[in-house]
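Architecture at a glance
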Amino acid sequence: MPLLLEKNIHSGIRAGVWNITETADELLNLVQLSDAEMLLLGSYKHDLRKRQWLAYRALLKNLLAPESPSIFYDENGKPGLLTGSHQISVSHAGHLAAAVCSSEMPVGIDVEKITGRIERVAE
């Protein structure tokens, strides 16, 4: 499991970053998906997109253990947990996936691949 970072940021808030080195099949073995989630996964055409999607689910499973997260998306595309136990935010770029979860307050996370463009707008 290529977990790069797992951190307790504050009481009730955990975050992590995953380096995606696994195949889609390897990641699929790490999560439990509903039939609807399997259909959604099958709709992604690019392998990297499938692996990003599976990686942030595996990461959330690790951060929320022993809870097994079932994720839904609201009308704006924001992910949430069906149980409502935590607020979550996920991000992915290139071969990285990131997630944060909080039992207390709304949270957000973003991960970006560093390119020349990022360095030009850094200030």
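Our structure is the block above this text.
Residues numbered from 1 in each chain as written. Predicted model: local features only at pLDDT ≥ 70, side-chain atom pairs only at ≥ 80, totals over all residues. Heavy atoms only, no water.

**Regarding the nonpolar core**
In terms of nonpolar packing, the biggest core is built from 24 residues, with Trp18, Trp53, Leu54 and Leu60 touching the most fellow members. Going through the elements one at a time, helix H1 (24-28), helix H3 (47-64), strand S5 (87-93) and strand S6 (96-102) are the ones with two or more residues in this core. The element that contributes the greatest number of residues to this core is H3, accounting for 9 residues. Sequence-distant contacts of Leu54, defined by excluding residues within four places in its chain, comprise Ala24, Leu27, Leu28, Val31, Leu33 and Leu41. (Core = buried A, V, L, I, M, F, W, Y, C linked by side-chain atoms within 4.5 Å. Buried < 20%, exposed > 50% of the residue type's maximum accessible area, 1.4 Å probe, protein only. Helix = DSSP H or I, 4+ residues; strand = E, 2+ residues; numbered from the N terminus. Contact = heavy atoms within 4.5 Å.)

**Focus on the environment of Gln32**
If you trace the backbone, Gln32 turns up in the loop between H1 and helix H2 (35-43). With a relative accessible area of 61%, Gln32 lands in the exposed category. Spatially, the C-alpha atoms of Gln32 and Pro69 are 8.8 Å apart, while their sequence positions differ by 37 residues. In contact with Gln32, other than residues within four places in its own chain, are Glu37 and Ser68.

**Focus on unusual backbone geometry**
For the bond from Ala65 to Pro66, the omega torsion is 10 degrees, close enough to zero to count as cis. Tracing the chain through its elements places Pro66 in the loop between H3 and strand S3 (71-73).

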